[in-house]
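Coordinate analysis (summary)
Single-letter residue listing:
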Amino acid sequence: MTKPCIICVAITGSLPKKENNPAVPITVAEQVDSTQEAFEAGASIVHAHVRNDNETPSSDPEKFARLKEGLEKHCPGMIIQFSTGGRSGAGKARGGMLPLAPDMASLSVGSNNFPTRVYENPPDLVDWLASEMREHAVKPEIEAFDLSHIHQAAAMNRDGRIPGKLYVQFVMGVRNAMPVDKDVFDYYIKTVHRLAPGAEWCAAGIGQHQLTVNEWCIAAGGHTRTGLEDNIRLDRETLAPSNAALVKRATELCETYERPVATWQQAREILDLPLKAA
């Protein structure tokens, strides 16, 4: 299998803290350093949240602006993807960083259960976030927590609310949402190919399932996501020392399955993103 595999590194997220794993990057400077290591290890997309000084989630556009500036300086060419997820803010505050025009942003197109609450993505907010992404030439990455989200993304792609090549990420292993199930995974792939034949897909496994889903993706010809946002351990006894260590583990799986790791140039070509000069 010769198709390059895009590795996305989700560096921080909204939940893990230093007390859970000291390697979780919280400040902008830490995030830039951690991303640079992961970039050099093989990641070509960085999925980024920002945090307040007390480690709580933030949607502050100024923090995102400083992060974007640092990433562009130290990781030239890497695809910068900002989170518009609901843990970092409410309502339109979730898209307050989109005028910064990152390469990509996450977009959840439907609601579902999370461990202790409902992750709400009402249609009017989804449409507004999508319109902001169109206005600022930001490519959405669809975060699919449920089969219906794939159908909705395909419908939005057909009617132009999400233009261009669709990129869908299956999120599996969140408690009370879609479990890690190989039959479901295979059906997700089949559904993407049926509803959006030109689309690209990837998947993320949460917690102990990260390595399993990494392997499923790489073996099936898709792309994959790793990083401390989703999983803070190498195994039950060992904390991951860095985001780069988790990326390295994904690159080793690519070697096992004879998949080349996508360079940032290849990743941009695969996703129809502008080829920026390094």
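Going by the structure above, here's the rest.
Heads up: these notes are all about the structure in this document.

About the thresholds
- Residues numbered from 1 in each chain as written.
- Predicted model: local features only at pLDDT ≥ 70, side-chain atom pairs only at ≥ 80, totals over all residues.
- Heavy atoms only, no water.
- Axes fitted to C-alpha atoms, helices over the stretch in contact; angles between N-to-C directions.
- Helix = DSSP H or I, 4+ residues; strand = E, 2+ residues; numbered from the N terminus.
- Parallel < 35°, antiparallel > 145°, perpendicular 65-115°, else oblique.
- Left-handed = near helix turned anticlockwise from the far one by under 90°.
- Contact = heavy atoms within 4.5 Å.
- Phe/Tyr/Trp six-rings, centres within 6.5 Å; stacked < 30°, edge-to-face > 60°.
- Buried < 20%, exposed > 50% of the residue type's maximum accessible area, 1.4 Å probe, protein only.
- Core = buried A, V, L, I, M, F, W, Y, C linked by side-chain atoms within 4.5 Å.
- Nonpolar A, V, L, I, M, F, W, Y, C, P; charged D, E, K, R; others polar.
- Polar contact = N/O pair within 3.5 Å; in protein donor to acceptor, adjacent residues only side chain to side chain.
- Salt bridge = Lys/Arg side-chain N within 4 Å of Asp/Glu carboxyl O.

Before going further, it helps to spend a moment on the packing of helix H1 (residues 28-41) against helix H7 (residues 243-256). Where H1 contacts H7, the axes come no closer than 8 Å and their chain directions differ by 15 degrees. The angle between the axes of H1 and H7 places the two elements in the roughly parallel class. For H1 against H7, the interelement crossing comes out right-handed. Across from Ser34, Glu37, Ala38 and Ala41 in H1, the residues of H7 making contact are Asn243, Ala244, Val247 and Thr251.

Here we come to the packing of aromatic side chains. Under the criterion given, the structure shown has nine aromatic pairs. Seen from their ring centres, Phe64 and Phe82 are 4.6 Å apart, and the 50 degrees between their planes marks the pair as tilted. With Phe64 in helix H2 (residues 61-74) and Phe82 in strand S5 (residues 79-82), this residue pair connects regions lying 18 residues apart in the sequence. Residue Phe64 is classed as buried on the basis of its relative accessible area, which comes to 2%. With a centroid separation of 5.5 Å and 65 degrees between ring planes, the pair formed by Phe114 and Phe145 is classed as edge-to-face. Within this pair, whereas Phe114 is found in the loop between strand S7 (112-113) and strand S8 (118-119), its partner Phe145 is found in the loop between strand S9 (139-144) and helix H4 (147-158), the two being separated by 31 residues in sequence.

This paragraph deals with helix H6 (residues 210-220). Note: α-helices contain 3.6 residues per turn, so residues at a spacing of three or four share the same orientation. Turning to H6, its buried residues number three or more, namely Gln210, Val213, Asn214, Trp216, Cys217 and Ile218. Check the buried side of H6 and you find it contacts helix H5 (182-195), strand S11 (200-205), strand S12 (223-226) and H7.

A separate point is the nonpolar core. Where a protein is soluble and globular, its nonpolar side chains tend to be buried together. Counting residues in each nonpolar core, the largest one holds 55 residues, and the members touching the most others are Phe170 and Phe185. For this core, the element with the most residues is helix H3 (residues 123-135), which contributes six residues. Once residues lying within four places of it in the same chain are set aside, the contact partners of Phe170 are Ala144, Ile150, Phe185, Tyr188, Ile189, Val192, Trp201, Cys202, Ala203 and Ala204. Membership of the second largest hydrophobic core comes to twelve residues, among which are Ile6, Ile79, Tyr167 and Ala262.

So, on to the packing of H1 against H2. Across the interface, H1 lies against H2 with an axial gap of 9 Å and an inter-helix angle of 30 degrees. Read as a crossing pair, H1 and H2 show a hand that is right-handed. Across the interface between the two elements, Val28, Gln31, Val32, Thr35 and Gln36 of H1 pack against Lys63, Arg66, Leu67, Gly70, Leu71 and His74 of H2. Considered class by class, the residues forming the contact of H1 with H2 number four nonpolar, five polar and two charged.

As for its position among the elements, Lys68 is in helix H2. Excluding its chain neighbours within four sequence positions, the residues that come into contact with Lys68 are Ile80, Phe82, Leu100, Ala101 and Pro102.

Let us now look at unusual backbone geometry. One can expect most non-glycine residues to show negative phi and most peptide bonds to be in trans. Even without being glycine, Ala137 reaches a positive phi, approximately 55 degrees. A residue is classified by how much of its surface remains accessible, and Ala137, at 66% relative accessible area, is exposed. One non-glycine residue with positive phi stands out, namely Asp272, at about 60 degrees.

Next up on the list: the environment of Gln210. Take Gln210: it is sitting in helix H6. With 159 residues separating them along the chain, Gln210 and Arg51 place their C-alpha atoms 23 Å apart. Side-chain polar atoms of Gln210 contact the side chain of Thr226, separated by 3.1 Å.

Take the pattern of salt bridges next. Tallying each qualifying case throughout the model produces 13 salt bridges. The partner of Asp127 in a salt bridge is Arg161, and the shortest N-O contact between them spans 2.8 Å. With a gap of 34 residues between them, Asp127 in helix H3 and Arg161 in the loop between H4 and strand S10 (167-172) connect regions that are remote in the sequence. Between Glu200 and Lys165 there is a salt bridge, with its nearest N and O atoms 3.9 Å apart. Here Lys165 lies in the loop between H4 and S10 and Glu200 lies in strand S11, a separation of 35 residues in the sequence.

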